[in-house]
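Below, each chain spelled out in residue letters.
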Amino acid sequence: MLKHRGFPGRLPGTDFQFTLRRANPKGATPLERRERHSDRKPADRRADVAFVAALWENFGDQPFERGNLDAGRLSWLFGREVVPYDDPFDAANYEAMLTLDPRAAAMAFPDATDWG
């Protein structure tokens, strides 16, 4: 499992995890699209914004390996702002390649970063 050095481990001051310390010996948790409802807590929304900002800062619009990025946090964005790069895509593989869709991310999270 690739460890993304320099990527924030969590949202400061919270328990919202962004990265894993070590691989799950039973295999990677599959990525699945989770619906974001309008009544989500403000802390959950802040975590999404911070995670998208970190993805943009670290990878931009370039493909990146899933590696040690948290499956739960990725799943809140998967299928919308974060999309599979590989075809066929293995949702339960630490080596799966993903990409951030800057247009979708800018529309969903305009305050995450300067999308210019």
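Quantities reported herein were computed from a predicted structural model and do not represent experimental measurements.

> Could you give an account of helix 1 (residues 42-59), with specific residues and numbers?
With 18 residues, helix 1 extends 26 Å between its outermost C-alpha atoms, agreeing within 8% with the 26 Å of an ideal straight helix rising 1.5 Å per residue. Buried within helix 1 are the following residues: Asp-44, Ala-47, Asp-48, Phe-51, Val-52, Ala-53, Ala-54, Leu-55 and Phe-59. In the core, the buried residues of helix 1 are packed alongside strand 1 (64-65), helix 2 (71-75), strand 2 (82-84), strand 3 (97-100) and helix 3 (102-108). Directly beyond the C-terminal end of helix 1, a positive phi value near 60° is found at Gly-60.

> Describe the sheet that holds strand 1, with residues and values.
In space, the 3 strands of this open sheet follow the order 1-3-2, with antiparallel pairing throughout. On the outer flanks of this sheet lie strand 1 and strand 2, each paired with one strand and no other. By the bridge criterion, 3 bridges tie strand 2 to strand 3 in an arrangement that is antiparallel. For Val-83, the partnering residue across the bridge sits in strand 3 and is Thr-99. Each of strand 1, strand 2 and strand 3 touches helix 1; the most contacted strand, strand 3, lies at about 105° to it.

> Can you break down the packing of aromatic side chains residue by residue, with the values?
Considering all chains together, one arrives at 5 aromatic pairs under this definition. Arranged with centres 5.7 Å apart and planes meeting at 70°, the rings of Phe-7 and Phe-51 form a pair that is edge-to-face. On the criterion of sequence distance, the pair formed by Phe-7 in the segment before helix 1 and Phe-51 in helix 1 is long-range, its members being 44 residues apart. Like Phe-51, Phe-7 is buried. A centroid spacing of 4.4 Å and a plane angle of 10° characterise the contact between Phe-59 and Phe-64, whose relative ring orientation is stacked.

Rules used throughout
- What you see as residue numbers is a count from 1 along each chain, following the sequence as written.
- Note on the predicted model: pLDDT of at least 70 is required for a residue's local features to be given, and 80 or more for side-chain atom pairs to be given and counted; whole-chain, interface and lining totals, by contrast, use all residues.
- Side-chain descriptors were evaluated using all non-hydrogen atoms of the structure, hydrogens and water having been removed beforehand.
- Each helix corresponds to a stretch of at least 4 residues labelled H or I by DSSP, and each strand to a stretch of at least 2 residues labelled E; elements are numbered beginning at the N terminus.
- One less than the number of residues in a helix, times 1.5 Å, gives the span that helix is expected to have.
- Partly exposed describes any residue whose relative accessible area lies between the buried limit of under 20% and the exposed limit of over 50%, with all areas from a 1.4 Å probe on protein chains only and scaled to the type maximum.
- Residues count as neighbours in contact if any of their non-hydrogen atoms are within 4.5 Å of one another.
- Paired strands, in this sense, are two strands between which DSSP finds at least two bridges.
- What counts as an axis is a line fitted to C-alpha atoms, over the stretch in contact for a helix, and the angles between N-to-C directions run from 0 to 180 degrees.
- Centres within 6.5 Å are what make two rings of Phe, Tyr or Trp a pair, Trp counting through its six-membered ring; a difference in plane orientation under 30 degrees is then read as stacked, over 60 as edge-to-face, and the rest as tilted.

Spatial relationships are all this shows, so hold off on functional conclusions.
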